Amino acid sequence: MSSNRDLHEPLILVGYWLGPYAPGWPDPHDFVDPSWDAFERQQMVYYLKRGMTARAFMGLSECRFCRQRVGALEFSDGVYIWPEGLAHYVSEHDVRLPAVFVDHAAGMTESLEARSVDRSWWATQSGLEPTDRPVP
Ligand SMILES: [Zn+2]
């Protein structure tokens, strides 16, 4: 579990692919695995789509398989950072991501589901405080 990583540690990049303007990245064709468990794959797609938006870029990324424009954002979970379009590769082209990242995502989801919830603070809220209101 890596959820206690220091906030100043670099985010680990995942999901950038080799392309005409992107030399040096892994080739997504080497990650294709149509036999990947459908449930695990769908869980990965959900996880990738619900990251926090970390950065936005001017240009749209183009899918290396089908040329579809797949987004210009980067999402993060605080440990990893990935392009918005990565979910498309997993859901549409059978791209299977490395087990260490899949396990991390599953662990993050499970730990959130298992956490207790403190409802007391919200239950005491009664509306805006005078200092929260805009000055007329
Ligand atoms: Zn595609």
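Refer to the structure presented above.
Attention here is on the structure that accompanies the text. (Residues numbered from 1 in each chain as written. Predicted model: local features only at pLDDT ≥ 70, side-chain atom pairs only at ≥ 80, totals over all residues.)

Observations regarding the overall build of the chain
Across its full length, the chain carries four helices and four strands. For the chain, the α and β elements follow one another from N to C terminus as β-α-β-β-β-α-α-α. At 19 Å, the chain has a C-alpha radius of gyration far larger than the 14 Å of a compact globule built from 136 residues. In the chain, buried positions account for 20% of the 136 residues. For the chain, the proportion of contacts with a sequence separation of at least 24, taken over those separated by at least 6, is 59%. (Helix = DSSP H or I, 4+ residues; strand = E, 2+ residues; numbered from the N terminus. Rg over C-alpha atoms; globule rule 2.2 N^0.38 Å. Buried ≥ 20, exposed ≤ 12 C-beta atoms within 10 Å, placed from the backbone. Contact = placed C-beta atoms within 7 Å.)

As for the sheet that holds strand β4 (residues 80-83)
Taken together, four strands build an open sheet; the order of strands is β1-β4-β3-β2 and the sheet is mixed. At either margin of the open sheet sits one strand with a lone partner, and together these are β1 (12-13) and β2 (52-56). As defined by bridge partners, β1 adjoins β4 across two bridges and the pair is classed as parallel. What sits directly across from Leu13, in β4, is Ile81. (Pairing = 2+ DSSP bridges.)

Some remarks on the pairing of strand β3 (residues 73-76)
Note: β2 against β3, four bridges, orientation antiparallel. Opposite Arg55, over in β3, you have Glu74 as the bridge partner.

A few points about the nonpolar core
Residues Met44, Leu48, Trp82, Leu86 and Val90 are the most contacted members of the largest nonpolar core, which totals 14 residues. Contributing elements (two or more residues each) for this core: α1 (38-49), β4 and α2 (86-93). Of all the elements, α2 adds the most residues to this core, at four residues. Non-local contacts of Val90, meaning those with residues more than four positions away in its chain, are made with Arg41, Met44, Val45, Leu48, Val95 and Leu97. (Core = buried A, V, L, I, M, F, W, Y, C linked by C-beta atoms within 7 Å.)

What to know about the packing of α1 against α2
α2 packs onto α1 with a crossing angle of 160° between their chain directions and a minimal axis gap of 8 Å. Our classification of the angle between α1 and α2 gives roughly antiparallel. As α1 runs across α2, the sense of the crossing is left-handed. Seen from α1, the contacting residues are Arg41, Met44, Val45, Leu48 and Lys49; seen from α2, they are Leu86, Ala87, Val90 and Ser91. The residue inventory of the contact of α1 with α2, partitioned by class, reads six nonpolar, one polar and two charged. (Axes fitted to C-alpha atoms, helices over the stretch in contact; angles between N-to-C directions. Parallel < 35°, antiparallel > 145°, perpendicular 65-115°, else oblique. Left-handed = near helix turned anticlockwise from the far one by under 90°. Nonpolar A, V, L, I, M, F, W, Y, C, P; charged D, E, K, R; others polar.)

Details of unusual backbone geometry
In this model, Arg67 sits at a positive phi of 70°, which is unusual for a non-glycine residue. Here Arg67 is to be found in the loop between β2 and β3. Despite not being glycine, Asp94 shows a phi value in the positive range, around 60°. Here Asp94 is to be found in the loop between α2 and α3 (99-114). Judged by local crowding, Asp94 falls into the partly exposed class, with 16 C-beta atoms found within 10 Å.

Re the environment of Trp17
Position of Trp17 relative to the elements: it lies in the loop between β1 and α1. On the basis of neighbour counts, which here come to 21 C-beta atoms within 10 Å, the residue Trp17 falls in the buried class. Separated by 47 residues in the primary sequence, Trp17 and Arg64 place their C-alpha atoms 7.6 Å from one another. Excluding its chain neighbours within four sequence positions, the residues that come into contact with Trp17 are Ala22, Trp25, Pro26, Asp27, Pro28 and Arg64.

None of this, on its own, says anything about what the molecule does.
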